[in-house]
Each structure stands twice: as C-alpha cells, then as structure tokens.
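Below are the chains, spelled out letter by letter.
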Amino acid sequence: GAGVSQSPSNKVTEKGKDVELRCDPISGHTALYWYRQRLGQGLEFLIYFQGNSAPDKSGLPSDRFSAERTGESVSTLTIQRTQQEDSAVYLCASSLGLRTGGYTFGSGTRLTVV
Amino acid sequence: SQKIEQNSEALNIQEGKTATLTCNYTNYSPAYLQWYRQDPGRGPVFLLLIRENEKEKRKERLKVTFDTTLKQSLFHITASQPADSATYLCALERDNQGGKLIFGQGTELSVKP
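First things first, this report covers the structure right here in the doc. Computed from a predicted model, the values in this text were never measured in an experiment. (Residues numbered from 1 in each chain as written. Chains lettered and ligands numbered in written order. Predicted model: local features only at pLDDT ≥ 70, side-chain atom pairs only at ≥ 80, totals over all residues. Heavy atoms only, no water.)

## A few points about the interface of chain B and chain A
We apply this condition: Only heavy atoms enter the contact rule, under which two residues are in contact if any of them lie within 4.5 Å. Here the buried area means the combined drop in accessible surface, using a 1.4 Å probe, for two parts upon being joined, counting both sides. Any carboxyl oxygen of Asp or Glu that lies within 4 Å of a side-chain nitrogen of Lys or Arg is treated as forming a salt bridge with it. Counting from the N terminus, the helices are DSSP H or I runs at least four residues long and the strands are E runs at least two residues long.
Each partner contributes to the interface: chain B provides 24 residues, whereas chain A provides 20 residues. Each partner contributes to the roughly 1,600 Å² buried at the junction of chain B and chain A, and carbon and sulfur atoms together form 49% of this total. Together, Gly-99, Lys-100 and Phe-103 of chain B form the three largest contributors to the area buried by chain B at its contact with chain A, with a combined 28%. Summed over the shared surface of chain B and chain A, the number is one salt bridge. The closest approach of N and O atoms between Lys-100 of chain B and Asp-56 of chain A, which form a salt bridge, is 3.6 Å. Elements that contribute at least two residues to the side of chain B that touches chain A include exactly strand E4 (30-38), strand E5 (45-51), strand E9 (86-94) and strand E10 (101-103) of chain B. Ranked by residues supplied to the side of chain B that touches chain A, first place goes to E4 of chain B with four residues.

Written out as structure tokens, the structure reads:
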C-alpha cells in the first residue's frame, strides 16, 4: 500500500484480556518495527524484524508481549493478560532495510486498558 | 547512563523567524541521527537523516547539523510558518545496534502568525 496501515486505530480492553494489534507495512519494505509511546513520553523500542533473520526482541517489556511477522508482510503484536500500564499508543514502522534511511510510521493503535 | 535529551519546554516563535531545536546525547556513538515531525494523533514523519561523518544536511527550509564532539544535533527551520507547528523528535541509531532507534521526548514548536 501507499503507507503503513495499522488496525484497529483505537482499542479499549478490560484488564486481563488479550489483545492483537495489526500492522501492514509498505510493500517491498523488508524491515518492520514496533514502538510504544506512552502519554507525554518518547517512543520506546519494542521489536524489529529484518527479512528472514531472527527478530530482535530485546525491547519487549515482559513475556506477556510477543510479535510475529508473516514473510515480509503483515505483523501482529500480541499482549496477553493486559495491565493498565500497557495503555499507550503502539506504533508500527517499516523501511526498505536496516540503515537505509528514515522509517515510515503508521498512525498507531491507541490501547486503553480499563 | 545513556540518554538523549531535547528541550522539554515548548518553543514559541514568530512566523518568518528561524526555529532552532536542540538534541543532546550522552554515552552513545551514533552511526546516524534522524529527525521526525509528529502531529497530534499521528505517527512520526521522517524529515532528515545525518550520518556521523557528515557535519550538515539540508532539505528545502530544513537544516540539520551534527557535532559528534559536542554530542549534539541542531535542527533549523528557516522562514517558519504556522504549518510548521508540531512536535519534533530526534532519534539516533548506535553503530552496533542496527534497527533500534533511540528517541528523544520531542520539542513542541509553535509558530505564531
């Protein structure tokens, strides 16, 4: 597509429920990234995928967080047993490859855990 | 500890003036540094990238400088317009940490007509 698409744009969930966030990167972009942005704070790295290499999961805050990517296309970020501190905007980005220039971000999914 | 800092106070300037935003970092050896613009409710939009061996990069009304001795990048918008009002983020990638951008908290710029 023309840009990075994320769904849903907003998600309200009850504490303890699982959620899945989806990202459709730009076609042809081999690198895909997930970041989290809490209110009034900077972006926090979560995970990135590059081609067929093993993903770098070093930013995932706990084992409740996981992400998958199908080939070089769609990615899903799953948060199990959500907690209130998980409330944030989850941003996905893609790029042609690592160190190939700037990232193209989606508009994010605003997650609210009540 | 390692950190990247931007002016936390909002920058208010008059239309037509040059806006200068600062990004300082400590304890990193960045391979390159990027600047993004973020509007409320939207994802960041990439503006410019400058590599560690570059001193200055320009794009239309935008200019970025990178001083690895001072560990500082300056972002300039010349002939600023109200449409330039947004939050500007700097981000760096360390030389051995490909794929992980470290972001500053951003500086909010407001350009008054």
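## Considering the environment of Thr-65 of chain B
Residues and elements named next belong to chain B. The topology assignment puts Thr-65 in strand E7 (residues 62-67). With 18 residues separating them in the primary sequence, Thr-65 and Ala-83 have C-alpha atoms 23 Å apart. In contact with Thr-65, other than residues within four places in its own chain, are Ile-50, Lys-55, Glu-56, Gln-72, Ser-73 and Leu-74.

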